[in-house]
Structure formats: structure tokens, C-alpha cells
Amino acid sequence: MSRSHFGTDGIRGIVGAAPMTPDFVLRLGYAAGKVLAGRDGQHPAVLIGKDTRISGYMIEAALEAGLSAAGIDVLLCGPLPTPGVAYLTRALRLSAGVVISASHNPYPDNGIKFFSGDGYKLPDAVEAEIERALAAPMGCNEAARLGRARRIDDAQGRYVEFCKASFPSDLDLKGLKLVVDCAHGAAYDVAPHVFHELGADVVAIGVAPDGVNINQDCGATAPQQLQAEVKRAGADLGLGLDGDGDRLVIADGGGRRYDGDQLLYAIARHRAAKGSVAGVAGTLMSNLGFEQALARLRLPFARARVGDRYVLELLREKGWQLGGENSGHIICLDKHTTGDGIISALQVLTAMRESGRTLAELTADLVMLPQVLLNVAVPPGFDWQRHPAIAAAQSRAERSLDGRGRVLLRPSGTEPVLRVMVEGEPRAAIDAAAREIAAAVRQATGT
């Protein structure tokens, strides 16, 4: 599908610039409402949740107005992790859920993503319908056919209980000291309660959102503070979430950090020992060492395009339950319909508790290959494949690795950059190869 507005994870941009402006969001709410009303019969209802960005108030109000004008009832739950919105949408039998968040991006950005009534990301075909509806003039239902709005006061509590239910009822976290970094984001009033109520001694950081400090030098995308606090507090583990609560990184007491590939491997290895893994889905960015380690466990592995929605599509296509990205999105379809940082952490802790092993021991036979990732700014719509100099630099890099690694170029789905990834050994070779390709891209774009 050709997308004018929707990217791999909804619609995202800098607030105040197209498309993240009040007038566009109002029209988006109306267009989405008309599509949902046409699909769901009479008087559908939609849940709106958000992270802690100051712009969330404006976007929430505009969305609510647009949906109401289209005749859609609106339920508002305030700050709640993205997977919490997915859960409540399904639990309350609603037509759709909407999340206002730019995930791991800094506070000037914001975004809007949709979940269908079953708790899964909105299918491409429905996004295409909304795009077409956006092209039509905006109207407004007559007063008697407008949607109503109300707040859900117990949304956080419901989601806390849902997360806790993903942890085995015969286990607890007593005796564990955990640092939980919520990135001043949507999980700030949820995640610490989950781990505390399961018995852990919790040190909560990143739980003082002020509208502009979300993801600022904290959380899953900047885990240095988490690693330092684990050491300072003498904690067993540190759990780092991102701004909307769907990513996870973990730091252990020795200061070692574990990314999504390593955490997914720990879960897969433990489940494989119990015979409960049919296969594992990753992405084009998943480390080659991760794929090789799964092969040693005789676990089938397949790669999807980058983006948790594509991992989910691959899992459903193959009938598998476990997949994820090295960025920290982990999907356990036996526990939830989407990636969930809190639930992912609980699955890692389950593996540790049931096996009696540390995270280092669970991942001891996973040897990650060095990986260099450079983000090169490019003009919107830049087609790198049409530039011979870039293709030549990529070919030289591949020849230099001599079958001992991979080269991957891909445009970001959320920002105007081309991601250049080179993986393999030795480190100096992949550093040089990545820099050469990045230089070719900059020369091609004149930057």
C-alpha cells in the first residue's frame, strides 16, 4: 500500500508541523470514526490513551472532537502504556483503541497509532481506508448522533492486574531487588506497582514526568542511568522501559546490559527446554549470532521486516508465539497481542525463577556479533537504490566481510534517515565499512 500519512507504527512527526497539527488530528479523528462506523455498525466506541508528553493534551482533545463529530463514543484513560491500551480495547469489547505517543522519540515529537478491537495493530487495509477518508471534506453528525465521552478511572489498576496474571501464580519475586526505569513515560504509575505487588523490592526511577522529560537520558534508549543505579542500589537487575512502555532492556548487577535479542533468547531457551516453542521470529536487524544460537537449539527462525507489526504478522502467519526486535520489542502471543515491556520482563524473570539461573547464565551460549548502526539523514522519499555509488560502497563492504557478516541498508519508517547496519568481525572492518557506506549516502544527498 502507498502510504501518505501512516508509517510502520502509525502517524508520527514533530508537533506543530504537518501532520502533527490540531487541524490534521481533528480530521484524522473524523476520518477514522467514519471508517469505524461503517465497519462496526451502530455507535462504536473507541479508547484513547497517551504517554506523558505535554502535546498529548492537545492531540487528545482534537482526536476526541473528531471522533465525536463522526458519532463515535470516546473513552479516555489518560497516561497508559501502549500495550495497556491494546489490552483494555479488547477487554472492554471496544471497536478500536488509539495511542497518542511517539514511543522512544524525544518530547517535541508525537504520534498516533491504532489498535483494532481484537487488540492487534490496525491492519494495513483499514489504514488505507482511513487515508482515503482523510481526502474527503470533514463533516459533522447532527447533534443527536454525536458521540459521547467519558473517563475510565480504573484503567491503570486493570492493566496492573493483567500484567501480574502473565507471571506464574506459584512464583513470586521475593528476595529480588529491581531498579525500574519508566523513562518518565506512560508506565510511570504502572510498572513499579506490578513488580512490587509480585514481591520485589523496587527502586523506581524515571517516574516524575513533567511533559518534556520523557526519554530524556533515561529508559530503554539511554540505559546508562539505569546501569549506574543498579550498581548504586546493589540491585539484582534493572528494567528499562521506553516512553510508551513497549520496549525493554535489562541491566544486571555487574553492569552488563541485555538487548532485545538477548532477552528473547533467554525466554526462548527456557521455553525450548520445556518443549513449548515452535519457532522464533526476528527482523532483518536481529543479530546473526542470535540466529546461530537458536539453530544450535534446533529452533526454527525467520526474519520479518523491521517493525513490531511485521514481527506480529510473521508470527500469526506461521502459528508461532515468540518473536521480537533487538531494540527491545518482544512479543509473547500466549500472553498478549502486542509487544509489552512489563510482560517481557516478567517472562525473563519467569525463566530465571523456574530455572534457578541468572540472566548471564541463560545467555551464556549466545555469542553476539559486533554490529555497527549509523543513521544518515536523507531527504524525505530518498531512494538510495538508484545511486550507483551507494551500491558500490555496499558491495565493497560485503566483499570485505567475506561471508563472516551482513550489510543492511533500510529507510526508517518513523524519521527521514537511512539506517546503515554492518555486522560481523573484526570490529575495525565493520566500522570502516559502515563509515564508507554512510559517506557515500551523504555524498549522494549533498549533505
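Everything numeric in this text was worked out from a predicted model, so none of it was measured.

### Regarding the overall build of the chain
Okay, step 1: The secondary structure content of the chain amounts to 14 helices and 18 strands.
Okay, step 2: Over its C-alpha trace the chain gives a radius of gyration of 22 Å, about what one expects of a compact globule, namely 22 Å for 447 residues.
Okay, step 3: Seen through its principal axes, the chain has C-alpha atoms that stretch 65 × 60 × 40 Å.
Okay, step 4: In the chain, buried positions account for 59% of the 447 residues.
Okay, step 5: Of the roughly 17,800 Å² that the chain leaves accessible, carbon and sulfur atoms contribute 49%.
Okay, step 6: Across the chain, 48 positive and 51 negative side-chain charges occur, with their mean positions spaced 3 Å apart.

### Details of helix H3 (residues 82-91)
Okay, step 1: In terms of burial, H3 is largely enclosed, as eight of its 10 residues are buried.
Okay, step 2: Of all the residues in H3, the buried ones are Thr82, Pro83, Gly84, Val85, Ala86, Tyr87, Leu88 and Thr89.
Okay, step 3: Its buried side turned inward, H3 meets strand S2 (45-50), strand S3 (73-79), strand S4 (96-100), strand S5 (109-116) and helix H5 (155-164).
Okay, step 4: Arg93 occupies a position one or two residues after H3 and carries a positive phi of about 55°.

### Quick notes on a nonpolar patch on the surface
Okay, step 1: A grouping of Ile54, Tyr57, Tyr107 and Val212 is seen on the molecular surface, where their side chains present a nonpolar patch of about 400 Å² in accessible area.
Okay, step 2: Residue position: Tyr57 is located in helix H2 (residues 56-69).

### Quick word on the pairing of strand S17 (residues 406-411)
Okay, step 1: Within S17, five of the six residues are buried, which leaves it mostly tucked inside the rest of the structure.
Okay, step 2: Sheet topology places S17 next to strand S18 (residues 417-423); six bridges connect them, and they run antiparallel. Residue pairing for S18: Leu408 is matched across the bridge by Met421.

### As for the pattern of salt bridges
Okay, step 1: Evaluation of the coordinates by the stated rule reveals 21 salt bridges.
Okay, step 2: Linking Asp154 and Arg158 is a salt bridge whose minimum nitrogen-to-oxygen distance equals 3.2 Å.
Okay, step 3: On the basis of relative accessibility, which here comes to 39%, the residue Asp154 falls in the partly exposed class.
Okay, step 4: Put simply, Lys164 and Glu197 hold a salt bridge, and the shortest N to O gap is 2.7 Å. Taken together, the positions of Lys164 in helix H5 and Glu197 in helix H6 (residues 191-197) put the pair 33 residues apart, joining distant regions of the chain.
Okay, step 5: The exposure class of Lys164 is buried, given its relative accessible area of 18%.
Okay, step 6: Here Glu197 falls in the partly exposed class, since its relative accessible area comes to 40%.
Okay, step 7: Here the salt bridges do not stand alone but share partners, grouping Asp9, Arg12, Lys113, Lys121, Asp244 and Asp308 into one network.

### Concerning helix H14 (residues 427-445)
Okay, step 1: Counted at 1.5 Å a residue, the expected span for H14 with its 19 residues is 27 Å, and the 27 Å between its end C-alpha atoms agrees.
Okay, step 2: For H14, the complete set of buried residues consists of Ile430, Ala433, Ala434, Ile437, Ala438, Ala440, Val441 and Thr445. Angularly, the buried residues of H14 cover 155° about the axis, an arc narrow enough to put them on a single face. For H14, the exposed residues lying more than 90 degrees away from the buried face are Ala428, Arg435 and Gln443.
Okay, step 3: Looking at the buried positions of H14, the neighbouring elements they touch are strand S16 (371-377), helix H13 (388-401), S17 and S18.

### Remarks on the environment of Ile130
Okay, step 1: Note that Ile130 resides in helix H4 (residues 124-134).
Okay, step 2: Those residues in contact with Ile130, other than ones at most four positions away along the chain, are Phe6, Leu28, Ala31, Ala32, Val35 and Leu122.

### A short note on the sheet that holds strand S7 (residues 177-181)
Okay, step 1: Pairing in this open sheet of five strands is mixed, and the strands run S8-S7-S9-S10-S11 from one edge to the other. The sheet is open, and its two borders are formed by strand S8 (201-205) and strand S11 (257-258), each paired with just one other strand.
Okay, step 2: Where strand S10 (residues 248-252) meets S11, two bridges bridge the pair, whose relative direction is antiparallel. Directly across from Ile250, in S11, lies its bridge partner Tyr258.

### Quick word on unusual backbone geometry
Okay, step 1: For the bond running from Ala18 to Pro19, omega is 5°, close enough to zero to count as cis.
Okay, step 2: Among the secondary structure elements, Pro19 is positioned in the loop between strand S1 (11-14) and helix H1 (22-40).

### A closer look at the packing of aromatic side chains
Okay, step 1: As enumerated under the stated definition, the model contains four aromatic pairs in all.
Okay, step 2: Ring geometry for Phe6 and Phe114: centres 6.2 Å apart, planes at 50°, overall tilted. One end of the pair, Phe6, is in the segment before S1; the other, Phe114, is in strand S5, with 108 residues separating them in the sequence.
Okay, step 3: What makes Phe114 buried here is its relative accessible area of 5%.
Okay, step 4: With 5.6 Å between their ring centres and 90° between their planes, Phe290 and Phe301 make a pair best called edge-to-face. Pair noted here: Phe290 is in helix H9 (residues 288-296) and Phe301 is in strand S13 (residues 301-304), with a separation of 11 residues, a long-range link. Across the pair, Phe301 and Phe290 agree in class, each one buried.
Okay, step 5: Geometry around Tyr310 places Arg305 over its ring, the cationic atom sitting 3.9 Å from the centre.

What counts as what
Residues numbered from 1 in each chain as written. Predicted model: local features only at pLDDT ≥ 70, side-chain atom pairs only at ≥ 80, totals over all residues. Heavy atoms only, no water. Helix = DSSP H or I, 4+ residues; strand = E, 2+ residues; numbered from the N terminus. Rg over C-alpha atoms; globule rule 2.2 N^0.38 Å. Buried < 20%, exposed > 50% of the residue type's maximum accessible area, 1.4 Å probe, protein only. Areas by Shrake-Rupley, 256 points an atom, 1.4 Å probe, with all protein chains shown as cover. Lys, Arg positive; Asp, Glu negative; His and termini not counted. Charge placed at Lys NZ, Arg CZ, Asp CG, Glu CD. Contact = heavy atoms within 4.5 Å. Patch = residues over 30% accessible without salt bridge, like charges linked within 9 Å, V, L, I, M, F, W, Y side chains within 5 Å. Salt bridge = Lys/Arg side-chain N within 4 Å of Asp/Glu carboxyl O. Pairing = 2+ DSSP bridges. Expected span 1.5 Å × (residues − 1). Arc of directions from axis to C-beta. Phe/Tyr/Trp six-rings, centres within 6.5 Å; stacked < 30°, edge-to-face > 60°. Lys NZ or Arg CZ within 6 Å of the ring centre and 35° of its normal.

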